[in-house]
Amino acid sequence: MALQDAARPGGSERASWFYDPKVRGIVFQLVLLAVLALCLWWIVDNTIENLRRSNISTGFAFLRGRSGFDISDRLIDYSSDSTYGRALVVGMLNTVLVAASGIVTATILGFLIGVLRLSNNWLLRKLATVYVEIFRNIPPLLVIFFLYVGVLSLLPLPRDSYVLPFGSYLNSRGFYFPRFVWGDGSWLVAAGLGLGVVFSYFVARWARARQMATGQQFPVFRTSVLLILGLPLLGLAAAGFPLTIDFPQAGTFNMTGGFNVKPEFMSLYLALSIYTAAFIAEIVRAGIQGVPRGQTEAYSALGLRPRQGMRLVVIPQAMRIIIPPLTSQYLNLTKNSSLAVAIGFPDLYAIGGTILNQTGQAIEIVVIFGVIYLSISLLTSLFMNWFNAKMALRER
Amino acid sequence: MQEHDISWVRTEMALAQSAPRSEVGPAAWLRQNLFSTPVNAALTVLALLFVAWLLPQVLNWALFSAVWTGADRTACLNAEQGGPLPSGWSGACWAFVGAKFGQFMVGRYPVDERWRIYLTAVLFVVLLAPLLIPRAPFKRLNAILFFAVFPFVAFWLLLGGFLGLSYVETPLWGGLLVTLVISYVGIVTSLPLGVLLALGRRSKMPAVKLLSVVFIETVRGVPLVVVLFMASFMLPLFVPPGMSFDKLLRALIGVALFSSAYMAEVIRGGLQAIPKGQYEGADSLGLGYWQKMGLIVMPQALKLVIPGIVNTFIGMFKDTSLVLIISMFDLLGIVKQNLADSNWATPQTAKSGLIFAAVVFWIFCFGMSRYSQYMERRLDTGYRR
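The shown structure was predicted, so the numbers you read here are calculated from the model rather than taken from an experiment.

> Could you clarify how one ought to interpret the overall build of chain B in this entry?
What chain B contains, in helices and strands, is 15 helices and zero strands. Here chain B has a C-alpha radius of gyration of 29 Å; the compact-globule value for 385 residues is 21 Å, and the former is much larger. Seen through its C-alpha atoms, chain B measures out along the principal axes to roughly 125 × 80 × 40 Å. Looking at the 385 residues of chain B, the share that counts as buried comes to 42%. Residue pairs at least 24 apart in sequence account for 69% of intrachain contacts in chain B once pairs closer than 6 positions are excluded. For chain B, the accessible area works out to roughly 21500 Å², and carbon and sulfur atoms hold 67% of it. Side chains of chain B give 30 positive and 19 negative charges; the mean places of these two sets differ by 6 Å.

In structure tokens, the structure reads:
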């Protein structure tokens, strides 16, 4: 201290190091880290002791063990002889399936209801408001239960199931609809679809460039529809229609054939879509209302019709407001899909719980949960951030 | 010679004309709001048909055909199912809700001790109501009583075991009691924890910042059921052998950690919206860090994010229903458990019980959201033209 003072003649008295914010910050962080390390050491010590007492070995070797339980809903081959690791993969795929289909449905329903909430039709506006206010204010788990025990399990038995159009049936075992059975040469159809998408992309790009250069428009939408539907059909015809349809048949006790969507999946998927749609509707409404009124007046002044103006002027600007909160709703839906365990749908969480009961590997299971859910969340937010950056205002 | 003067001044006001028939009155309202275009008219008719199809069914099921009293399941069965009601009958079985009402509210809490819950509930309402009414006096005292004194009194009253009250173990608790206890604890602990985490995330100290970010992002990245799962399976591993945790306490720890992470993000949003000048102003006044935050920044930031905070509260209130998954019986859990009671097993029981639970949840959540809108309008001091 004295040396420093001597080095700066006439300088004011330096404050004591005790009051230096930098020193205080470093000391505080050191103390914090030390306390944390102590806690961690205590926890690890106790955990090792507890695990030793209950004879549980640590590590992920258990994943190669035989699972011994069966899973009813699965996307890949699995039997009770498969490993725990494969069971977890089945669960993860189920989680992704519910989340992805729920996100698509919730988005469509949510946008529809959000637009209805702004409709100039009083009755539709009020109906949309009632929907939003009901479903925003009750727990998602309750909606899942209600659909599962209150609606879907009260459907009639397979022998008197409801007959729906296109040869599909609805009964207490779920929803049955015809399944396409692809024969030899079906790759032509897939190739047609792929080519259709690729061509449509290039047509859209070319049409855009031409419109920029010459001002002439090209019917991109109609061409794309024609390409995407026409090319697979052409492929189908070229391969000689290798397609048979497997219709579900009503048996005495159960349905045979067709594709079956089980009530567990249906109630989870419908409940998550209905619940999340209420939140998305509010986000959409706020987004559209967030576009200044001057924009509406401006497109009218340019001579655009309301529908064109909505599509070309209002919606692109509203999307900028909508996308960030929409992302968090998607993440919420994905996380809420873990409620599947309450109705016995084998998602990641339910299967992890079963494995925990069999093996007692609590820490490993929690680590697996953490890693998988965090990576799903991270992937979703990365995609939405990319989409957001694409839609964001480009300031020059 | 008379001069023609074309100027003319009206000496009396023209009589006010009534607005055109097409602009006012019910008919005009109908035309403007329901039948403005052909498409609109068609949509209106469709919506009307939908309402006319749905509403009578709902009212009939919930009110007119409902069974209000009864001793057991036979009261809610129709002739085909072997009951007294006419065949084809379908209606709500409120008798089930009536018979189980006590359980739905407090679980298996001993009947002789239930006065303790009622006393706690009365205290809760008496302390909360004046806190919510802006004009009520003694706000500071009231807040201290509600947030600092009430938890201890409620702990003593509900759990007991000392000062003359018998011990009621938490596995006996259930129903709305558990829902409210978990949400109250979640709300009271998540706000201060959330403030600390939000400040930590914006701190200039790298270690503090890193720890806050890791905690917040990890907890927000996984579902609440995983956090509850951790709390219920891993907490017992973390403590020395022989020491055991109460199940309710584990759920409370899980919910508090989970909601504080969400609260931190909401409050961080508010902190980011405070202009830099406010921080610099506080610095130039010579305020220390905690004074600066407590007196200048936080009051403005919290005011900005009231809607977000209340949304988090509502989310937390709804999320308490997930403790069902670690086999605790909150309101939804106990309704679900009672659906398995064979004395009341009818096709209508599940719907009636779940709709009752939905209505209770709805009243609480809707009340909270309306109150937050009211507060938002009241605190909206300026900025609005």
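So much for the structure itself; the text now carries on.
> Please clarify how the interface of chain A and chain B should be interpreted in this entry.
Interfaces are often described in size by the accessible area the parts lose on coming together. Facing the 54 residues of chain A at the interface are 56 residues of chain B. For the pairing of chain A and chain B, the buried interface totals around 4700 Å² over both sides, and the portion due to carbon and sulfur atoms is 75%. Our enumeration of links across chain A and chain B arrives at one salt bridge. The closest approach of N and O atoms between A:Glu133 and B:Arg370, which form a salt bridge, is 3.6 Å. Between chain A and chain B we count 14 residue pairs in polar contact (both at pLDDT 80 or more) in total. Those elements giving two or more residues to the side of chain A that touches chain B turn out to be helix H2 (21–53), helix H4 (122–136), helix H5 (140–151), helix H8 (263–289), helix H10 (306–336), helix H11 (348–359) and helix H12 (362–391) of chain A. Broken down by element, the side of chain A that touches chain B gets its largest block of residues, 14 residues, from H2(A). Of the residues belonging to the side of chain A that touches chain B, the class tally is 34 nonpolar, 14 polar and six charged.

> Just checking my understanding: could you explain the sheet that holds strand E3 (residues 174–177) of chain A for this structure?
Sheets are built from strands paired through backbone hydrogen bonds, the pairs being either parallel or antiparallel. Residues and elements named next belong to chain A. In spatial order, the strands read E1-E2-E3-E8; together these four strands make up an open sheet with antiparallel pairing. Among the strands making up the open sheet, the edge pair consists of strand E1 (162–164) and strand E8 (259–261). Adjacent strand axes in the sheet meet at a mean angle of 20°, parallel and antiparallel pairs treated alike. With three bridges joining them, strand E2 (residues 168–171) and E3 adopt antiparallel strand pairing. From the neighbouring strand, Tyr169 faces E3, where its bridge partner is Tyr176.

> Any chance you could explain the pattern of salt bridges here in plain terms?
Pairing between side chains of opposite charge can happen when the charged atoms of each approach one another. Applying the stated criterion to the full structure yields 14 salt bridges over all chains. A:Arg293 serves as the salt-bridge partner of A:Glu297, at 3.8 Å between the closest nitrogen and oxygen. Residue A:Glu297 and its partner A:Arg293 are both found in helix H9 (residues 293–301); the two are separated by four residues, about one turn of the helix. Salt-bridge contacts for B:Glu113 lead to B:Arg116; the nearest nitrogen and oxygen are separated by 2.7 Å. With respect to burial, B:Glu113 and B:Arg116 carry one shared label: buried. One continuous salt-bridge network, built from bridges that share partners, spans B:Arg201, B:Glu217, B:Glu265 and B:Arg268.

> Where do I start with the environment of B:Val239 in this structure?
Summarising the element assignment, B:Val239 is placed in the loop between helix H9 (235–238) and helix H10 (247–272). Every residue in contact with B:Val239, bar those within four places of it in the chain, is listed here: A:Trp42, A:Asn46, A:Asn50 and B:Phe245.

> Is there a simple way to think about helix H8 (residues 224–233) of chain B in this case?
For an α-helix, 3.6 residues make a turn, and residues three or four places apart therefore share a direction. Taking burial as the measure, the ten residues of H8(B) include eight buried ones, the bulk of the element. When we look at burial in H8(B), the residues that qualify are B:Leu224, B:Val225, B:Val226, B:Val227, B:Leu228, B:Phe229, B:Ala231 and B:Ser232. Summarising the contacts, the buried residues of H8(B) are in contact with H11 and H12 of chain A together with H9, H10 and helix H13 (306–319) of chain B.

> Would you mind going over the nonpolar core with me for this structure?
Across soluble globular proteins, nonpolar side chains have a tendency to be buried as a group. Core analysis: the biggest nonpolar cluster contains 159 residues, and A:Ile355, B:Trp173 and B:Leu271 have the highest contact counts within it. Considering every element that reaches this core, the biggest residue donor is H8(A), with twelve residues. Not counting the four nearest positions on each side in its chain, A:Ile355 is found in contact with A:Phe62, A:Phe69, A:Tyr84, A:Ala87, A:Leu88, A:Gly360 and A:Ile365. Residues B:Leu127, B:Leu131, B:Phe150 and B:Ala154 belong to the second largest nonpolar core, which totals six residues.

> I'm lost on helix H2 (residues 38–64) of chain B in this one. Help?
The first and last C-alpha atoms of H2(B) sit 37 Å apart over 27 residues, in line with the 39 Å expected at 1.5 Å per residue. Every buried residue belonging to H2(B) is among B:Asn40, B:Ala41, B:Thr44, B:Ala47 and B:Trp61, and all of these are buried. Of the surrounding elements, those touching the buried residues of H2(B) are H4 of chain A together with helix H3 (94–106) and helix H15 (349–379) of chain B.

> How should I be thinking about the environment of B:Phe356 in this particular structure?
All names here are of chain B. Tracing the backbone through its elements, the reader meets Phe356 in helix H15. Sequence spacing of Phe356 and Leu295 is 61 residues, and the spatial spacing of their C-alpha atoms is 45 Å. Apart from residues lying up to four places away in sequence, Phe356 is in contact with Trp94, Val97, Phe101, Phe104 and Met105.

Reading guide: rules and limits
Residues numbered from 1 in each chain as written. Chains lettered and ligands numbered in written order. Predicted model: local features only at pLDDT ≥ 70, side-chain atom pairs only at ≥ 80, totals over all residues. Heavy atoms only, no water. Helix = DSSP H or I, 4+ residues; strand = E, 2+ residues; numbered from the N terminus. Rg over C-alpha atoms; globule rule 2.2 N^0.38 Å. Buried < 20%, exposed > 50% of the residue type's maximum accessible area, 1.4 Å probe, protein only. Contact = heavy atoms within 4.5 Å. Areas by Shrake-Rupley, 256 points an atom, 1.4 Å probe, with all protein chains shown as cover. Lys, Arg positive; Asp, Glu negative; His and termini not counted. Charge placed at Lys NZ, Arg CZ, Asp CG, Glu CD. Buried area = accessible area lost by both parts, 1.4 Å probe. Salt bridge = Lys/Arg side-chain N within 4 Å of Asp/Glu carboxyl O. Polar contact = N/O pair within 3.5 Å; in protein donor to acceptor, adjacent residues only side chain to side chain. Nonpolar A, V, L, I, M, F, W, Y, C, P; charged D, E, K, R; others polar. Pairing = 2+ DSSP bridges. Axes fitted to C-alpha atoms, helices over the stretch in contact; angles between N-to-C directions. Core = buried A, V, L, I, M, F, W, Y, C linked by side-chain atoms within 4.5 Å. Expected span 1.5 Å × (residues − 1).

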